[in-house]
Amino acid sequence: MKKRSIAILVAIAVASAVGVFAQSMNPMVGGAAMYRNKDIVDNAVNSADHTTLVAAVKAAGLVPTLKSKGPFTVFAPTNEAFAKLPAGTVDSLLKPENKATLTKVLTYHVVAGTYDSKALKALIKKGDGTAELKTVSGGTLTLTAGGNDMMANRIMVKDEKGNTANVTIANVRQSNGVIHVVDSVLLPN
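Conventions we followed
- Residues numbered from 1 in each chain as written.
- Predicted model: local features only at pLDDT ≥ 70, side-chain atom pairs only at ≥ 80, totals over all residues.
- Heavy atoms only, no water.
- Buried < 20%, exposed > 50% of the residue type's maximum accessible area, 1.4 Å probe, protein only.
- Helix = DSSP H or I, 4+ residues; strand = E, 2+ residues; numbered from the N terminus.
- Contact = heavy atoms within 4.5 Å.
- Pairing = 2+ DSSP bridges.
- Axes fitted to C-alpha atoms, helices over the stretch in contact; angles between N-to-C directions.
- Core = buried A, V, L, I, M, F, W, Y, C linked by side-chain atoms within 4.5 Å.
- Polar contact = N/O pair within 3.5 Å; in protein donor to acceptor, adjacent residues only side chain to side chain.
- Parallel < 35°, antiparallel > 145°, perpendicular 65-115°, else oblique.
- Left-handed = near helix turned anticlockwise from the far one by under 90°.

Chemist: Before we move on, can you summarise helix H7 (residues 99-107) with the specific residues and values?
Modeler: Since the α-helix advances by 3.6 residues per turn, residues separated by three or four positions end up pointing in the same direction. Those residues of H7 that fall on the buried side of the exposure criterion are Leu 102, Val 105, Leu 106 and Thr 107. Considering only its buried residues, H7 is in contact with helix H3 (51-60), helix H6 (89-93) and strand S2 (110-112).

Chemist: Can you break down the environment of Val 45 residue by residue, with the values?
Modeler: Note on placement: Val 45 falls in the loop between helix H2 (40-44) and H3. Remark: the alpha-carbon pair of Val 45 and Gly 30, spanning 15 residues in sequence, is separated by 10.0 Å.

Chemist: Outline the sheet that holds strand S6 (residues 164-174), supporting the account with residue identities and numerical values.
Modeler: Pairing within the open sheet is mixed, and its seven strands lie in the order S2-S1-S7-S6-S5-S4-S3. What marks the edges here is a single partner per strand, and that holds for S2 and strand S3 (131-134). Shown here is a sheet whose adjacent strand axes are inclined to one another by a mean of 30°, direction ignored. Summarising the sheet, strand S5 (residues 155-158) and S6 pair through three bridges and their orientation is antiparallel. If you follow Lys 158 over to S6, its bridge partner there is Thr 164.

Chemist: Go over the nonpolar core with me, naming the residues and quoting the values.
Modeler: Ranked by size, the top nonpolar core spans 27 residues in total, and within it Leu 66, Val 74, Leu 106 and Ile 179 carry the most contacts. Those elements giving two or more residues to this core turn out to be H2, H3, strand S1 (72-77), helix H5 (79-83), H6, H7 and strand S7 (177-182). A total of four residues in this core trace back to one element, the largest contributor, which is H3. Within the second largest apolar cluster, 15 residues are counted, among which are Phe 75, Leu 143, Val 157 and Val 182.

Chemist: If you had to explain the side chain of Asn 176 to someone new, which residues and values would you point to?
Modeler: With respect to the helices and strands, Asn 176 occurs in the loop between S6 and S7. On the accessibility criterion, Asn 176 (2% relative accessible area) is buried. Reaching out from Asn 176, the side chain makes a polar contact with the backbone oxygen of Ser 68 at a distance of 2.8 Å. Ignoring anything within four residues of it in the chain, the contact list for Asn 176 reads Asp 39, Ile 40, Leu 66, Lys 67, Ser 68, Lys 69, Gly 70, Pro 71 and Phe 72.

Chemist: Can you tell me about unusual backbone geometry, naming the residues and giving the values?
Modeler: The linkage connecting Gly 70 with the following residue, Pro 71, adopts the cis geometry, with an omega of 5°. Relative to the helices and strands, Pro 71 resides in the loop between helix H4 (63-67) and S1. Non-glycine residue Asp 128 carries a positive phi angle of around 55°. Along the chain, the position of Asp 128 falls in the loop between helix H8 (117-126) and S3.

Chemist: Could you give me a rundown of the packing of H3 against H7, with the residues and numbers involved?
Modeler: Between H3 and H7, whose axes approach to 9 Å, the crossing angle comes to 125°. Viewed along their axes, H3 and H7 adopt a mutual orientation that is oblique. Crossing handedness for the pair H3 and H7: left-handed. Every residue of H7 that contacts H3 at Leu 53, Ala 56, Val 57, Ala 59 and Ala 60 is listed here: Lys 99, Leu 102, Thr 103 and Leu 106.

Here it is in structure tokens:
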């Protein structure tokens, strides 16, 4: 009986260690662990760097969509990215009368399907240095790779207004897709 109990405890410990190891392969975001078995919303609410995004997603009524099966690729702007917008922009977008505009801006950051950095770089290579992705809002994001700094493999995302965001944390895998953290808010035409 003791041997069986010990064997069960060892099996539980090994399973836990394997689970922790598998989770450790997903990057931390905003000081929080991101769990592959949780959806985009359930992970985002734990990131201290994405409180503005989470508030915006709630205000736009997009929680059910981003909790659905997907899959989605989300270019997720940080709080600092939202802070770069002109003063008052975020407060204005969060007003109920601006829900349609907020929804368009947020869904402009979402692409149907799962595109990790390897897939994005393959599309960029296939496109001779650029790739275009259609967003859920119907807009287009243009991706490039490279740079002259230490982040030579960085993926850059250009919006329809010509603004560029850098992917600062790639491949945050979710149960319903993948998140790439970006340092600027992307704006549709």
